[in-house]
Amino acid sequence: MATRYFCDTDCELWYTDVEELGINVIKMPYVLDGKEYLYDFGKETDFDNFYKRIREGATPTTIALNEYIYTDYFEPIFAKGEDIFYIAFSSQMSATFDFMHKAVDKLLLKYPERKFTYFDTLSISIGAGIQVYYAMKLKNSGASDQEVLEFLQHFTKEVKTFFSVDDLHHLKRGGRLSSTAATLGTFFNLKPIIKVNELGKLQVMNKVRGNKMVARHLAEQVGKYATNLDKYDVWVMHADCLSRAEELKALVEQATQGKANVRTIIVGPVIGAHCGAGTLAVIFPSDCR
């Protein structure tokens, strides 16, 4: 029986990769200046305007998909007699999955012969995207659904994500940093180094002063902990700060002695609504615990 694979645009792969992989896409929404948009992996996204409006003081927001939207995505697949395998961003970062599970539970009552496999990547952005990317490469090479699931169960423990935001008030608005800490951090030009931990939550690991130290610290993490660089890429992400991303890329290449294939990609509007312009990140594989 055929299985249709799904991901969501919170995994932030580039649209050309997604089209090449042949995966079904759940588009996640964001609201800017009162208008709702669905992120399309950058195919028609106006990144310049999005980040321009943030710098001008706009406050974009995100919203959870409701139960009926998930039903609209999944029911046509079940109705065709196909199963679903959904590789999703961390359930710890959104209430949207409560609505998804309600939709799926009702659909499985209607289509009891169908199977729904849900894999929580315990990550977001390319931390989830790298799992989607290599899982689909494996699937497209002929692997079974069970083999893909076993790969993901192992690989998700190896994916490391470290990032820093330029404007601490976005973290304050999201409840991940106190108002006092945001004010003091801004005054002293302190930048938190944050990781996505093994529970799929954000954890502040360190604080450094200034953007130069951010890039150096992020590159150091790759140099210390990255493994299997002959099999997997390293990803540098930026929220409309390409020159800093290129600097970070060069530092990563230096820290890995040229062993890393480094890919650079922009942060999309859904994630950008929470981290703000100027965010910089590295995502890489590591079997170090």
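Everything that follows concerns the structure shown earlier in this document.
Read on for an overview of the structure. (Residues numbered from 1 in each chain as written. Predicted model: local features only at pLDDT ≥ 70, side-chain atom pairs only at ≥ 80, totals over all residues. Heavy atoms only, no water.)

### Overview of the packing of helix H5 (residues 126-140) against helix H6 (residues 145-155)
When two helices pack together, their arrangement is given by the angle between their axes and by how far apart the axes lie.
And then number 1: Between H5 and H6, the least distance of the axes is 10 Å, while the angle of their chain directions is 150°. By the angle between their directions, the pair H5 and H6 is classed as roughly antiparallel. In the packing of H5 onto H6, the handedness of the crossing is right-handed. Contacts between H5 and H6 involve Ile130, Gln131, Tyr134, Ala135, Leu138 and Lys139 on the former and, on the latter, Asp145, Glu147, Val148, Phe151, Leu152 and Phe155.
And then number 2: Taken together, the residues of the contact of H5 with H6 break down into eight nonpolar, one polar and three charged. (Axes fitted to C-alpha atoms, helices over the stretch in contact; angles between N-to-C directions. Helix = DSSP H or I, 4+ residues; strand = E, 2+ residues; numbered from the N terminus. Parallel < 35°, antiparallel > 145°, perpendicular 65-115°, else oblique. Left-handed = near helix turned anticlockwise from the far one by under 90°. Contact = heavy atoms within 4.5 Å. Nonpolar A, V, L, I, M, F, W, Y, C, P; charged D, E, K, R; others polar.)

### Let's talk about the sheet that holds strand S5 (residues 61-62)
Across a sheet, paired strands are connected by hydrogen bonds in the backbone, their directions being either parallel or antiparallel.
And then number 1: Here we have three strands laid out as an open sheet, ordered S4-S3-S5, and antiparallel in their pairing. Of all strands in the sheet, those bounded by a partner on one side alone are strand S4 (35-38) and S5. (Pairing = 2+ DSSP bridges.)

### Thoughts on the pattern of salt bridges
And then number 1: Counted by the stated rule, this structure contains 16 salt bridges.
And then number 2: One salt bridge in this structure joins aspartate 83 and arginine 114, with 2.9 Å as the shortest N-O distance. One end of the pair, aspartate 83, is in strand S6 (residues 83-88); the other, arginine 114, is in the loop between helix H4 (96-110) and strand S7 (116-120), with 31 residues separating them in the sequence.
And then number 3: Residues joined in a network through salt bridges with shared partners are Asp33, Lys52, Arg53 and Glu56. (Salt bridge = Lys/Arg side-chain N within 4 Å of Asp/Glu carboxyl O.)

### Overview of the nonpolar core
And then number 1: Judged by nonpolar contacts, the single largest core of 70 residues is most densely connected at Leu13, Tyr51, Phe74 and Tyr86.
And then number 2: Here this core gets eight residues from one element, more than from any other, and that element is H5.
And then number 3: Among all residues touching phenylalanine 74, those that are not within four sequence positions of it are Phe6, Ile26, Ile84, Tyr86, Met100, Val104, Leu107 and Phe116. (Core = buried A, V, L, I, M, F, W, Y, C linked by side-chain atoms within 4.5 Å. Buried < 20%, exposed > 50% of the residue type's maximum accessible area, 1.4 Å probe, protein only.)

### Re the pairing of strand S11 (residues 234-238)
And then number 1: Counting buried residues in S11 gives five out of five residues, a clear majority hidden from the surface.
And then number 2: The alternating pattern of S11 places Val234, Val236 and His238 on one face and Trp235 and Met237 on the opposite face, and all of these are buried.
And then number 3: Bridging between S11 and strand S12 (residues 262-266) involves five bridges; their strand directions are parallel. From the neighbouring strand, histidine 238 faces S12, where its bridge partner is isoleucine 266.
And then number 4: As paired strands, S11 and strand S13 (residues 280-285) are joined by four bridges and run antiparallel to one another. Looking at the pairing, tryptophan 235 lines up with isoleucine 283 of S13.

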